[in-house]
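Architecture and fold: a report
One-letter residues, chain by chain:
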Amino acid sequence: MSFRDSCALITCRFFCRLRSKNKFLCFNISGFHMDSKHEAKSAMELVNIPPIITTYRHALRTFDDKFKNDFATNLNKLKSLVDKLKADHLGFDQSYNDPGTWNRPSKAPCTYVEVFQNNAVNMSIFILKPGFKMPLHDHPHMHGLLKVISGAVRVRSFSEYPLKEAISKVDFKARAKHEAARLAQGIHKRRRLFAEISQDHICKEDSETCILTPTVSNYHEIEALNTPAAFFDILAPPYDTFVEGIGPRRCRYYYVVNEISSNVVELQETNVPECFYCDQAPYLGPTLA
């Protein structure tokens, strides 16, 4: 092989290697761009998660016993998420805002929409006709969050009020179990108790979420004002969930039988008022799973 041919061969090998290296570099750069696109897409998807799905996921965490040590922190965060919910986030059917919808002869005064339920959490929407009052009822050893998403309601809440001595959370839990056991056995002696008015105010779409606990604001009544109203509701655990060794968790209804003072009343358990019944409508918001 001549010197000229040798030089040509070396030059050819050099350019082949350079071309191969450039192809590899281009491939890496292309891969880098693809990774960047995927990261940007993932970030965009994270930003675009519907608010109700974020709320749903955090509600499951809040009421999961695995995270009970962080319950107070998680409940505060859940409240802040619910505070931001709007009717559109839940696929709310705006036809319920038309008073004509409620003038149909067969229309129930309250419409119930089940958003999600398992054995730990119930999420739902209640829609009330103008002027209708959801009767005073309790939430046995439950936590709840209520957020108005349409119209306005008056929420009047009560906390059990022991006149002679303070009641600890442990005592309250023991009493709740005793009551549940009594009802599960079919022994239905009407309850009568003293209660303190813990809140009485108008809630609108821009109002903060109302919270109830096993001891605070556990009894309440909700009244729509002069227009239809709707509120989103989270209860944990749900009604009728089974309490081991006790039975199902029941909802009981009350009326004010005596006014003790300006903020303390005596409540009497009663039957479900005949005026209170619901029809059902489908949930139209983002799928929760």
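Along each chain, residues carry numbers from 1 onward, in the same order as the chain's sequence is written. Totals for whole chains, interfaces and linings use every residue, but because this is a predicted model, local features are given only for residues with pLDDT of at least 70 and side-chain atom pairs only at 80 or more, for both listing and counting. Excluding hydrogens and water, the side-chain figures rest on all heavy atoms present in the structure.

Looking at an unreviewed UniProt entry, one finds the protein chain named 2-aminoethanethiol dioxygenase, with Pieris macdunnoughi as its source organism.

Let's shift gears to the overall build of the protein chain. Helix numbers and strand numbers start at the N terminus; a helix is a DSSP run of H or I with at least 4 residues, a strand a run of E with at least 2. Scanning the protein chain from terminus to terminus reveals four helices and 14 strands. Buried means the residue's accessible area, taken with a 1.4 Å probe over protein chains only, is under 20% of the maximum for its type, while exposed means over 50%, and partly exposed covers the values in between. Counting every position in the protein chain, which comprises 289 residues, the buried fraction comes to 40%. Throughout, a residue-residue contact means that at least one pair of heavy atoms, one from each residue, lies within 4.5 Å. The contacts of the protein chain with a sequence gap of at least 6 include a subset with a gap of at least 24, amounting to 77%. Here the open area of atoms and residues is found with the Shrake-Rupley method and a 1.4 Å probe, where only the protein chains shown may cover a residue. When the accessible surface of the protein chain is split by element, carbon and sulfur atoms take 55% of a total near 17,200 Å².

For our purposes a nonpolar core is just a set of buried Ala, Val, Leu, Ile, Met, Phe, Trp, Tyr and Cys residues, chained together by side-chain atoms within 4.5 Å. Within the largest apolar cluster, 30 residues are counted, with the highest numbers of intra-cluster contacts made by Ile-52, Met-123, Ile-125, Phe-232 and Ile-234. Contributions of two or more residues to this core are made by α2 (51-62), α3 (71-83), β1 (110-117), β2 (122-128), β4 (143-150) and β9 (229-236).

Further remarks concern the side chain of Gln-268. Mapping Gln-268 onto the fold places it in strand β13 (residues 264-270). When its relative accessible area of 9% is taken as the criterion, Gln-268 is described as buried. Look past the residues within four positions of Gln-268 in its chain and what remains in contact with it is Arg-190, Arg-191, Arg-192, Tyr-253, Tyr-254, Tyr-255 and Val-257.

Here we come to α2. A helix is expected to reach a length of 1.5 Å times the quantity of its residues less one. Between its first and last C-alpha, α2 extends 16 Å over 12 residues, near the 16 Å set by a 1.5 Å rise per residue. The set of residues buried in α2 consists of Ile-52, Ile-53, Thr-55, Tyr-56, His-58, Ala-59 and Thr-62. Buried residues belonging to α2 abut α3, β1, β2 and β9.

Next up on the list: the packing of aromatic side chains. Within 6.5 Å between ring centres, the rings of Phe, Tyr and Trp (the latter by its six-membered ring) count as paired, and their orientation is classed by plane angle as stacked under 30 degrees, edge-to-face over 60, tilted in between. Summed over the entire model, instances satisfying the criterion amount to nine aromatic pairs. Both rings, one in Tyr-56 and one in Phe-116, keep their centres 5.0 Å apart while their planes meet at 75°; by these two values the pair is edge-to-face. Of this pair, Tyr-56 sits in helix α2 while Phe-116 is found in strand β1, placing the two residues 60 residues apart along the sequence. With respect to class, Tyr-56 is no different from Phe-116; both count as buried. Its end group placed over the ring of Phe-67, Arg-61 keeps NZ or CZ at 3.9 Å from the ring centre. Consider the ring centre and the ring normal. A charge sits over the ring if Lys NZ or Arg CZ is within 6 Å of that centre and within 35 degrees of that normal.

Here the focus is the pairing of β1. In summary, the side chains of a regular strand alternate between the two faces of the sheet. Burial of β1 is extensive: six of the eight residues sit out of reach of the surface. Pairing geometry for β1 and strand β14 (residues 278-280), over three bridges, is parallel. Within the sheet, the bridge partner assigned to Cys-110 lies in β14 and is Cys-278. Criterion used throughout: strands pair if DSSP finds at least two bridges between them. Sheet topology note: the β1/β2 ladder contains seven bridges and is antiparallel. Along β2, the bridge assignment pairs Cys-110 with Leu-128. The turn linking β1 back onto β2 is made up of four residues.

Right, let's talk about unusual backbone geometry for a bit. A cis amide bond links Ala-236 to the next residue, Pro-237, at an omega of -10°. Positive phi is not limited to glycine here, since His-141 has a value of about 50°. Topologically, His-141 is positioned in the loop between β3 (133-138) and β4. The class of His-141 is partly exposed, set by a relative accessible area of 29%.

Read across the open sheet, the six strands follow the order β7-β4-β9-β2-β1-β14; overall the sheet is mixed. Strand pairing shows two members of the sheet lacking a second neighbour, β7 (210-212) and β14, which therefore form its edges. Along the sheet, successive strands turn relative to each other by an average axial angle of 25°, direction set aside. To get an axis, a line is fitted to the C-alpha atoms, and for a helix only the part in contact is used. The angle between two axes follows their N-to-C directions and goes from 0 to 180 degrees. Sheet strands touched by α3: β4, β7 and β9. Its angle to β4, the strand with the most contacts, is close to 10°.

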